[in-house]
Amino acid sequence: MRWILLFAGLTAGQALAGEPVVKDVTVEKVGMLWNVHVTLEHDDTGWDHFADGWEVLDKEGNRLAYRELMHPHVKEQPFTRSISGVVIPDGTREIFIKPHCSVHGWAETPTRVELSP
């Protein structure tokens, strides 16, 4: 079953220079688990500076899942990677995606994603 998502306020000023930017998120519920697909954009320059992961958080900031990115995506921008089998508690109506960069660390502001019923 594919769920429709609503983004809450993505703006050009959301990320500081150098932070990875969440461009899109899609989630699918498969039985009791979820697949989360995140599209990131970042000015990867190589092994010394690249988007190296992202996490799925609940509204309290608890980590539900983490996706490590194992290599730079210098020539593949934006790029999409997924996490399968994420446990999102029943009744959850929103999740947050927070990307990480090998130089600048965690993005300052997570991207809010509403899960529509």
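Details of the structure are given in the entry above.
Below is a summary of the structure that appears in this document. The model shown is predicted, which means the values in this text are computed figures rather than measured ones. (Residues numbered from 1 in each chain as written. Predicted model: local features only at pLDDT ≥ 70, side-chain atom pairs only at ≥ 80, totals over all residues. Heavy atoms only, no water.)

Some words on the overall build of the protein chain
Let me state the cut-off plainly: Every helix listed is a DSSP run of H or I at least four residues long, and every strand listed is a run of E at least two residues long, numbered separately from the N terminus. When accessible area is computed with a 1.4 Å probe and restricted to protein chains, residues below 20% of their type maximum are described as buried, those above 50% as exposed, and intermediate ones as partly exposed. Throughout, a residue-residue contact means that at least one pair of heavy atoms, one from each residue, lies within 4.5 Å. For accessible areas, the Shrake-Rupley method is used with a probe of radius 1.4 Å. Any residue's cover is judged against the shown protein chains and nothing else.
Looking only at helices and strands, the protein chain has 0 helices and 9 strands in total. Seen in sequence order, the protein chain has helices and strands lined up from the N terminus as β-β-β-β-β-β-β-β-β. Buried residues in the protein chain amount to 45% of all 117 residues. In the protein chain, the share of contacts with a sequence separation of at least 24, taken over all contacts with a separation of at least 6, comes to 55%. Total accessible area on the protein chain stands at roughly 6500 Å², and carbon and sulfur atoms take up 52% of it.

Section: the pairing of strand β2 (residues 21-30)
Under the convention used in this document: Paired strands are those between which DSSP finds at least two bridges.
With 9 bridges joining them, β2 and strand β3 (residues 33-41) adopt antiparallel strand pairing. Bridge pairing links Val30 to Leu33 in β3. Turn length for the β2-β3 hairpin, with the two strands adjacent in sequence and antiparallel, is 2 residues, and the turn residue Gly31 shows positive phi of about 65°.

A look at the pattern of salt bridges
As a reminder of what qualifies: Criterion for a salt bridge: a side-chain nitrogen of Lys or Arg within 4 Å of a carboxyl oxygen of Asp or Glu.
The full count for this structure, using the stated rule, is 5 salt bridges. In this structure, Glu41 and Lys23 form a salt bridge, with 3.6 Å as the shortest nitrogen-oxygen distance. On the criterion of sequence distance, the pair formed by Glu41 in strand β3 and Lys23 in strand β2 is long-range, its members being 18 residues apart. Using a relative accessible area of 43% as the deciding quantity, one classes Lys23 as partly exposed. The residue Glu94 makes a salt bridge to Arg112 at a minimum N-O spacing of 2.5 Å. In this pair, Glu94 is assigned in strand β7 (residues 94-101) and Arg112 in strand β9 (residues 111-115), connecting sequence segments 18 residues apart. We classify Glu94 as buried; its relative accessible area is 18%. Taken together, the salt bridges that share partners define one network made up of Glu94, Arg112 and Glu114.

A short note on the environment of Glu114
Which entries qualify depends on this criterion: Polar contact criterion, stated in full: a pair of N or O atoms within 3.5 Å, where within protein one must be able to donate a hydrogen and the other to accept it, and residues adjacent in sequence count only if both atoms are side-chain atoms.
Residue position: Glu114 is located in strand β9. A polar atom in the side chain of Glu114 sits 2.9 Å from the side chain of Arg112.

Looking at the sheet that holds β2
Selection rule: Working convention: axes come from line fits to C-alpha atoms, limited for helices to the stretch in contact. Angles between N-to-C directions cover 0 to 180 degrees.
Taken together, the 3 strands give an open sheet; going across it, the order is β2-β3-β6, and neighbouring strands pair in antiparallel fashion. Bordering the open sheet on either side are β2 and β6 (79-86), each of which pairs with just one other strand. On average, each strand axis in the sheet is inclined to that of its neighbour by 15°, with strand direction left out of account.

Quick notes on the nonpolar core
Within soluble globular proteins, side chains that are nonpolar generally end up buried alongside one another. To be explicit about the condition: By nonpolar core is meant a set of buried Ala, Val, Leu, Ile, Met, Phe, Trp, Tyr and Cys residues that side-chain atoms within 4.5 Å join together.
Counting residues in hydrophobic clusters, the biggest one holds 20 residues, and the most contacted among them are Val36, Trp54 and Ile97. Going through the elements one at a time, β2, β3, β4 (51-57), β6, β7 and β9 are the ones with two or more residues in this core. Broken down by element, the residue count for this core peaks at 4 residues, all from β3. Ignoring anything within four residues of it in the chain, the contact list for Ile97 reads Val22, Val25, Val36, Val38, Trp54, Glu55, Val56, Pro110, Thr111 and Val113.

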